Amino acid sequence: MHILVVEDERRLARAIGHGLADHGFAVELAYDGDTGLWLAQEQQFDAIVLDLMLPGLSGYEVCKRLRAEGNWTPILILTAKDSDDTEARGLDLGADDFLRKPFSYLVLIARLNALLRRGAPARPAKLVVGDLELDPARRTVHRGEVEIELTRREFSLLEYLMRNVGQTRSKAEILDHVWGADFDREPNVVEVYVGYLRRKIDQPFGTATIETIRGHGYLLGTADG
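Residues numbered from 1 in each chain as written. Predicted model: local features only at pLDDT ≥ 70, side-chain atom pairs only at ≥ 80, totals over all residues. Heavy atoms only, no water.

- Naming follows an unreviewed UniProt entry, where the chain appears as DNA-binding response OmpR family regulator of Kribbella caucasensis.
- UniProt, in its Subcellular location (unreviewed entry) section for the chain, records the words "Cytoplasm". (UniProt positions renumbered as here; feature names shortened; annotations may be inferred.)

### Side note on the layout of surface pockets
Point 1. Taken as a whole, the largest pocket spans an internal volume of roughly 400 Å³.
Point 2. Contributing to the lining of the largest pocket are 21 residues, with Arg 67, Asp 92, Leu 93, Glu 159 and Arg 163 lying nearest its centre.
Point 3. No other element matches the 4 residues that helix H6 (residues 152-163) contributes to the lining of the largest pocket.
Point 4. A domain-level breakdown of the lining of the largest pocket finds at least three residues from each of domain 1 (2-119) and domain 2 (127-220). (1 Å grid on protein atoms, 1.4 Å probe; cavity = no way out; pocket = protein on both sides within 12 Å on 5 of 7 lines; lining within 4 Å. Points joined across faces, edges and corners; volume = space filled by probe spheres on them. Helix = DSSP H or I, 4+ residues; strand = E, 2+ residues; numbered from the N terminus. Domains from an automatic or database assignment.)

### Things to note about the sheet that holds strand S3 (residues 47-51)
Point 1. Ordered by their spatial adjacency, 5 strands build an open sheet running S2-S1-S3-S4-S5, and the pairing between neighbours is parallel. Looking at the sheet topology across the chains shown, the edges are occupied by strand S2 (26-30) and strand S5 (97-100). If you compare each strand with its neighbour and ignore which way they point, the axes differ by 20° on average.
Point 2. Strand direction decides the pairing type here: strand S1 (residues 2-6) and S3, joined by 4 bridges, are parallel. Bridge pairing in S3 links Leu 4 to Ile 48.
Point 3. Contacting S1, S2 and strand S4 (75-79), helix H1 (residues 10-22) crosses the sheet at an angle of about 170° to S2. (Pairing = 2+ DSSP bridges. Axes fitted to C-alpha atoms, helices over the stretch in contact; angles between N-to-C directions. Contact = heavy atoms within 4.5 Å.)

### Remarks on the nonpolar core
Point 1. Counting 25 residues, the largest nonpolar core has Val 141, Leu 158, Met 162, Ile 174, Val 190 and Ile 210 as its most contacted members.
Point 2. Mapped onto this core, the elements with two or more residues apiece are strand S6 (127-129), strand S7 (132-135), H6, helix H7 (171-179), helix H8 (188-202) and strand S11 (217-220).
Point 3. Looking at this core, the element that brings in the most residues is H6, giving 6 residues.
Point 4. The residues contacting Met 162, other than those within four sequence positions of it, are Leu 127, Val 128, Val 129, Leu 132, Leu 134 and Leu 220. (Core = buried A, V, L, I, M, F, W, Y, C linked by side-chain atoms within 4.5 Å. Buried < 20%, exposed > 50% of the residue type's maximum accessible area, 1.4 Å probe, protein only.)

### Remarks on the pattern of salt bridges
Where charged atoms of side chains with opposite charge meet at close range, the side chains can pair.
Point 1. As enumerated under the stated definition, the model contains 12 salt bridges in all.
Point 2. The closest approach of N and O atoms between Lys 64 and Glu 61, which form a salt bridge, is 3.4 Å. Separated by 3 residues within a single helix, Lys 64 and Glu 61 lie in helix H3 (residues 59-68), roughly one turn from each other.
Point 3. By relative accessible area, which is 12% here, Glu 61 ends up buried.
Point 4. For Arg 67, the salt bridge goes to Asp 96, with nearest N and O atoms at 2.9 Å. Of this pair, Arg 67 sits in helix H3 while Asp 96 sits in the loop between helix H4 (84-93) and S5, and the two are 29 residues apart along the sequence.
Point 5. Within this structure, Glu 7, Asp 51 and Lys 101 form a network of salt bridges that share partners. (Salt bridge = Lys/Arg side-chain N within 4 Å of Asp/Glu carboxyl O.)

And the structure:
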């Protein structure tokens, strides 16, 4: 079994690599998020062990980008953070399991074996709100029979809103999930991209799917029109 370990603490990464190798795994190591993402894109792995706090791209961003590209290799996230929010965010982005540091190698091996027995998850189901349909795997959006071309960022924003249909999401939440925690531009970028989406998924069809909730954020519901 071929395992990718993405961990910036080199001593820990090498220790994990040796431990996995002793149990018969073939292991590749990466010490930053950019290298980890590149390896995951260029090679076929049976599972990925991914730290969250990495130089360059964070583990959150690596996970998000792989899932956005349709890469469903099982991901086990390592984290020193003891927080339900940390776990929930990772699962929301597509991670399969969590292991908090410090951990036992026996537990790490057991968790990996469990993921490997399950294999890569099935392709995610399409998201449907009224006659608006988004396919996360094919990266397509349709309004009825009409296909709508979206940029990568517009697609990610629409997917996040559709996964939270009927729930108001603040600009801060949208920034965190769509642009990433390390994004340092003004929150108004969310308003700009909501405008882009409205011009593509609503205005040409005489609908109003995305609602502005003043002082709170944005809500996606069924079209009113």
